[in-house]
Amino acid sequence: MLGLALWFSLWFSLWFSLCPLPTSAQAASANSDLDVAARLAAPLDADPAARAEHARALGAIELGPVLADERVAWLVERASSDGDGEVRAAAIEALGASALPGAARALDGLFGGVTDEEERLVAEALVPLAAARELLVTRVQAEFRGAPTLATRALVVLLEAYGPALADRPGGGESAAERAPFVLGAVHPERRVVVATERSVQALFDRLQSLGDEARTDRVLAAFGDSGYRPYEMLFRRAYLALAGRGDPARALVHADALIAAPRRGDARARSWPAYGWHFRGAALFARGEFAEARGAFERAGELMGALLAEREDLRPDLFRPRTRFPQAPAGGAILVDRLELVALEELWQALAILAEEDASDAAIERALAHARQAHEHQWRSELLALRTDTEAGAATWDVLFENDLAPARLLLAGRGDAAIALDDTLAWQRWLGRLAATVAPGEVPGFEPWPNELAWLDPFADDARFALMLAAEAEELNQAARDWNATQERLAERAATDGGLLEPGDIRNHPKLLREFGLRRRILERERALDGRDLGDVAVRRDAFRSLVEMRVPSTLALRLGQRLRGEGRSADAREHAERALRDLEREALGAGALWLERTRADLELVVGASYTDENQPARAQTALLGAVRRLEALENTLVERRRASSDDVEFDRTFEAWIAETRRMRGAALTSLAVNANVRLGEPERALEFFEQAFELDPSEFNRILLACYRARSGKQGEARAILESVAVEPALYYNLACTHALLGDDELALDYLAREFRENHPNPESLARQQRWAASDPDLASLSGDPRFRRLVGAR
């Protein structure tokens, strides 16, 4: 029976709907009330599918707060007592989708009264709701404090969200009660709960890091260690935070020494703690300018990690013996690949310390190159091992080292503390690393000029050790390609036997896995014919006949990342110079980069070039570069769609291509957004800007672009639409600047100034970056309405 309150609500809705209203917005509101009340009053349909659709309609977020309590009560009734599982599931999902004030508590009340699978749905609906944070925290803590009540699947969902929820809580993670679920979850008998605990801990610290409160993060890490939750892992994280987050080498040394003293027993990670300790010690000494002592620490880290390579011989096949059987435990290969990569990384650190100590003198360069050459050899060993054990973590590119969490770029370039290294020094070291790698591995690091030298042993084809590894890796790559294609053929045969699904002959001939195996076999056969008695000891012969060996390596994107960083620091001309040089290098020599990788990287570099030209107030050149990126990305997307169709029988390939297509569309949206900004701010063409942006939003309707859409709508006078968008967006730091612009266009001066102040304070800790953003804001037409306000002039540094 319909409650008295609902009948009154319906009656008032009907009454108001018959009365003339002063505005169309009020009329729409009354019509919405009437429609919802009618839905609530309607008798239940006998068809479960109709009831499920009814539930989804009542949970539509577009309805806003219309009859909120009544809708929640109706959905709870269906979720808890409807006789059809589909209807119950639809009602649960609708409660979460509605985002109504009472939805979180209503969902929480369903636990214990529905099936185990429905409890999982309740948990998934609850987690995204901001109002559910405290409910979620309370329930997870209660689950570990007393007898378990939740289904395991629901607990896993809530537990993974528990870490971020704590991070957003004032002081979250510092009390014993808050840490108890992690400590107990780590030893839970259900493997799924243990994995969820690990993910939750990672999400907690990821969120704390994004909040930028390093002192609080360090306190939480210390508390976790004191609670017995992986104490040495917490020391590792604290050492990393001390360098990368706080710029505090002295604090890092304390944690490093504690890691060095760790017992060398336990699992593979535990036996590595002393080596990691020596690594952090070296990085901290480097940060203090004690380069000779740093070299010694890195050397010791390399020795310890190298000794660990001798472990688990059953999982590490002889690198120079043909493999006849697939390894029984490929996970062992991943452990050894990681260790080889760290050994290579220690060589790069030693090379950098030598250059820093002697200011890149000629003698220092030669000694540093010897270490860089050794790092390259270790990378080839790592790649060969990865191929032989089917481990995905092979080091087929320098980026595996450059982007490692323990690399100079991560440990020394991000510190924001008082002892942070000067920006000019860190950028110089990045360039040195690029030049070192480009010298010992020609063509592998586009965008960096190799150091002039006459050292024959730097040439991979003159270096017998690296040449032998390259040959072995090529043979193993062929074996892997054959295994992949055989497995695919078996799967196709099974599919044909079960559902009659057959590929057309043309699709089989063009299958990516077959083409890969066929291409490798043909390449080796053609080489054998071409050699025919030529001297393999001759370096020129090797380089000519075996050029394809180097193509197994994917070029580094170090120049791209350095260009992006330089632009972020307000050094647009330097950023553009690196990006343009990398583009020229890729035109000449792309090594093992496939066409897809190459086109995407070129587009990325063109985006840096175009954005830099916009920064430098050269809008015509910016538009040319950005349009080039858009055309390149559109062609790339078309190619990916076609490749995906050709491999539609392969689930793994299908997922991969789906991800690539989505990322390519996102990049094209970013390029179109940059074109819109350039047209609006630099060219003064608002209509063209709107055209570019609407294309961008269609490709990437992200939160960031939704704010921009509000901005464009406000600029075109559609204030109601702009405000509706603003009300539905969750505010975060990345949105501050565009929120300031939108509110300024709407005449909300106080809000605009507040968001602009937050943008400068929270998103631009570096003086160069802050100055660049202040200059941009001072000339941004979206903020022109604020130009007469003294607060605005102070914010942008105007006099």
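Relevant structure appears above.
**A few points about the packing of helix 9 (residues 152–167) against helix 11 (residues 191–211)**
Axis angle and axis distance: for two packed helices, these are the angle between their axes and the distance between the axes, and together they describe the pair. Where helix 9 meets helix 11, the closest approach of the two axes is 6 Å, and the angle between their N-to-C directions is 20 degrees. Classified by the angle their axes make, helix 9 and helix 11 are roughly parallel. Pair helix 9 / helix 11 crosses with right-handed handedness. Between helix 9 and helix 11, the residues in contact are Thr 152, Arg 153, Leu 155, Val 156, Leu 159, Glu 160, Tyr 162, Gly 163, Pro 164, Leu 166 and Ala 167 and Arg 192, Val 193, Ala 196, Thr 197, Arg 199, Ser 200, Ala 203, Leu 204, Arg 207, Leu 208 and Leu 211, respectively. In terms of residue class, the contact of helix 9 with helix 11 is made up of 13 nonpolar, four polar and five charged.

**What to know about the environment of Val 729**
Considering the arrangement of structural elements, one finds Val 729 in the loop between helix 34 (719–727) and helix 35 (736–746). Linking Val 729 and Ile 707, residues 22 residues apart in sequence, is a C-alpha distance of 7.7 Å. The residues touching Val 729, leaving out its near neighbours within four places in the chain, are Glu 703, Arg 706, Ile 707 and Leu 735.

**Points about the nonpolar core**
Counting residues in hydrophobic clusters, the biggest one holds 92 residues, and the most contacted among them are Phe 280, Phe 286, Trp 398 and Leu 436. Here this core takes 15 residues from helix 17 (residues 330–357), the largest share from any one element. Once residues within four sequence positions are removed from consideration, Phe 286 is found in contact with Phe 291, Ala 294, Trp 349, Leu 352, Ala 353, Ala 356, Leu 412 and Trp 429.

**Thoughts on the environment of Asp 84**
Tracing the chain through its elements places Asp 84 in the loop between helix 4 (68–81) and helix 5 (85–98). Classification of Asp 84 by relative accessible area gives partly exposed; the value is 21%. Distance from Asp 84 to Ala 49, taken between C-alpha atoms, is 9.3 Å for residues 35 residues apart in sequence. Beyond its immediate sequence surroundings of up to four residues, Asp 84 is in contact with Pro 48 and Arg 51.

**Quick word on the packing of helix 13 (residues 231–245) against helix 15 (residues 273–287)**
Contact pair helix 13 / helix 15: the axes reach a minimum separation of 11 Å and the direction vectors enclose 15 degrees. The orientation of helix 13 relative to helix 15 falls into the category roughly parallel. Note on packing geometry: the crossing formed by helix 13 with helix 15 is left-handed. Contacts between helix 13 and helix 15 involve Tyr 232, Glu 233, Phe 236, Ala 239, Tyr 240 and Leu 243 from the first element and Trp 273, Tyr 276, Phe 280, Ala 283, Ala 284 and Ala 287 from the second. Here the residues of the contact of helix 13 with helix 15 sort into 11 nonpolar, no polar and one charged.

**A few points about helix 16 (residues 291–308)**
Look at helix 16: 26 Å from first C-alpha to last across 18 residues, which is about the 26 Å you get at 1.5 Å a residue. The complete set of buried residues in helix 16 reads Phe 291, Ala 294, Ala 297, Phe 298, Ala 301, Gly 302, Leu 304, Met 305 and Leu 308. End-on, the buried residues of helix 16 take up no more than an arc of 165 degrees, which puts them together on one face.

**Digging into the packing of aromatic side chains**
One pair of aromatic rings is described through two measures. These are the centre distance and the angle between the planes. Across all of its chains, the model carries 19 aromatic pairs by this definition. Members of the aromatic cluster, connected to one another through ring pairs, are Tyr 162, Phe 182, Phe 205, Phe 224 and Tyr 229. Here the guanidinium or amino end of Arg 78 rests over the ring plane of Trp 74, the centre of that ring lying 5.8 Å away. If you follow Arg 715 out to its NZ or CZ, it ends over the ring of Tyr 712, 4.4 Å from the centre.

The rules behind the values
Residues numbered from 1 in each chain as written. Predicted model: local features only at pLDDT ≥ 70, side-chain atom pairs only at ≥ 80, totals over all residues. Heavy atoms only, no water. Axes fitted to C-alpha atoms, helices over the stretch in contact; angles between N-to-C directions. Helix = DSSP H or I, 4+ residues; strand = E, 2+ residues; numbered from the N terminus. Parallel < 35°, antiparallel > 145°, perpendicular 65-115°, else oblique. Left-handed = near helix turned anticlockwise from the far one by under 90°. Contact = heavy atoms within 4.5 Å. Nonpolar A, V, L, I, M, F, W, Y, C, P; charged D, E, K, R; others polar. Core = buried A, V, L, I, M, F, W, Y, C linked by side-chain atoms within 4.5 Å. Buried < 20%, exposed > 50% of the residue type's maximum accessible area, 1.4 Å probe, protein only. Expected span 1.5 Å × (residues − 1). Arc of directions from axis to C-beta. Phe/Tyr/Trp six-rings, centres within 6.5 Å; stacked < 30°, edge-to-face > 60°. Lys NZ or Arg CZ within 6 Å of the ring centre and 35° of its normal.

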